[in-house]
Amino acid sequence: NDGVDSGDRGTGGDRGTGVARGTGLDARWQPHHGGGLPAPFAVTGVRLAPDVAMIFPTGDAGMLNTSVAPTVHGGYELMLGNIGLEGGGMVRYTYWSIPGDTANAAWTLETHAYARAALHISRVAIHAGASAGLDTNRVHIADLAMSKTATGFGMNLESGIEVAAT
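Rules behind the numbers
- Residues numbered from 1 in each chain as written.
- Predicted model: local features only at pLDDT ≥ 70, side-chain atom pairs only at ≥ 80, totals over all residues.
- Heavy atoms only, no water.
- Helix = DSSP H or I, 4+ residues; strand = E, 2+ residues; numbered from the N terminus.
- Buried < 20%, exposed > 50% of the residue type's maximum accessible area, 1.4 Å probe, protein only.
- Polar contact = N/O pair within 3.5 Å; in protein donor to acceptor, adjacent residues only side chain to side chain.
- Contact = heavy atoms within 4.5 Å.
- Pairing = 2+ DSSP bridges.
- Salt bridge = Lys/Arg side-chain N within 4 Å of Asp/Glu carboxyl O.
- Phe/Tyr/Trp six-rings, centres within 6.5 Å; stacked < 30°, edge-to-face > 60°.

Peer 1: Can you tell me about the side chain of Asn156, naming the residues and giving the values?
Peer 2: Position of Asn156 relative to the elements: it lies in strand S8 (residues 146-163). With a relative accessible area of 19%, Asn156 lands in the buried category. A distance of 2.5 Å separates polar atoms of two side chains, one belonging to Asn156 and the other to Glu110. Excluding residues that lie within four positions of it along the chain, Asn156 makes contacts with Met90, Arg92, Glu110, His112, Gly129, Ala130 and Ser131.

Here is the structure:
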């Protein structure tokens, strides 16, 4: 005996808190996935996720209709068992529908940093997070032949469900 507890090293056996894989310099320890949940399909790495968001206007924009907005998130996700922690940048374009009005237009372009946490169960991820950054708003009023652009701070709360299709 060389004084090292070899236990089940090299056999891939379970030590109760994780799984030992390999021997010597190539040995590594892999934690169990928590709570008996199926292992996540996702792995730690870079993310690029185009999606469509439902936007519910509030505050000064509360009189506008709910809109559908194309969005792109790009960042990095760290997987800790079934939990993913993600951060990066987000771009979203929202065209606002003004009730009963087809001549006037309003849109918002959001360029934000975002952070979110996700619970990954096999191919499904349930996430919640927030983003903050620069909003560019443009309004065109046809009767006055006038357009106005303004920029300011924007913040969003987000949640959703993603399904890995591949």
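Peer 1: Talk me through the pairing of S8; I want residue IDs and the actual numbers.
Peer 2: Note that strand S7 (residues 124-141) and S8 share 18 bridges and pair antiparallel. Following the sheet pairing, His140 is matched in S8 by Ser147. Following S7, the chain reverses through 4 residues before pairing antiparallel with S8; Ala145 in that reversal takes a positive phi of roughly 50°.

Peer 1: How would you explain the pattern of salt bridges if you had to name every residue and give the values?
Peer 2: As a working rule, side chains carrying opposite charge can pair if their charged atoms are close by. Tallied over the entire structure, the rule returns 5 salt bridges. Taking the shortest distance from any N to any O, the salt bridge between Glu77 and Arg47 comes out at 2.8 Å. Here Arg47 lies in strand S3 (residues 45-55) and Glu77 lies in strand S4 (residues 67-80), a separation of 30 residues in the sequence. Pair check on accessibility: Glu77 and Arg47 agree, each one buried. Note that Arg116 is salt-bridged to Glu158, the shortest N-O span being 3.0 Å. Placement of Arg116 in strand S6 (residues 105-121) and of Glu158 in strand S8 is noted, with a sequence separation of 42 residues between them.

Peer 1: Could you give me a rundown of unusual backbone geometry, with the residues and numbers involved?
Peer 2: Despite not being glycine, Ser122 has its phi angle at roughly 60°, a positive value. Secondary-structure assignment places Ser122 in the loop between S6 and S7. Of note in this structure, Ala145 is not a glycine but carries a positive phi near 50°.

Peer 1: Any chance you could break down the packing of aromatic side chains for me, citing the residues and the numbers?
Peer 2: Summed over the entire model, instances satisfying the criterion amount to 1 aromatic pair. A ring pair is formed by Tyr93 and Trp107, whose centres lie 5.8 Å apart and whose planes are at 40°; its orientation type is tilted. Of the two residues, Tyr93 is situated in strand S5 (residues 83-96) and Trp107 in strand S6; the sequence distance between them amounts to 14 residues. We classify Tyr93 as partly exposed; its relative accessible area is 34%.

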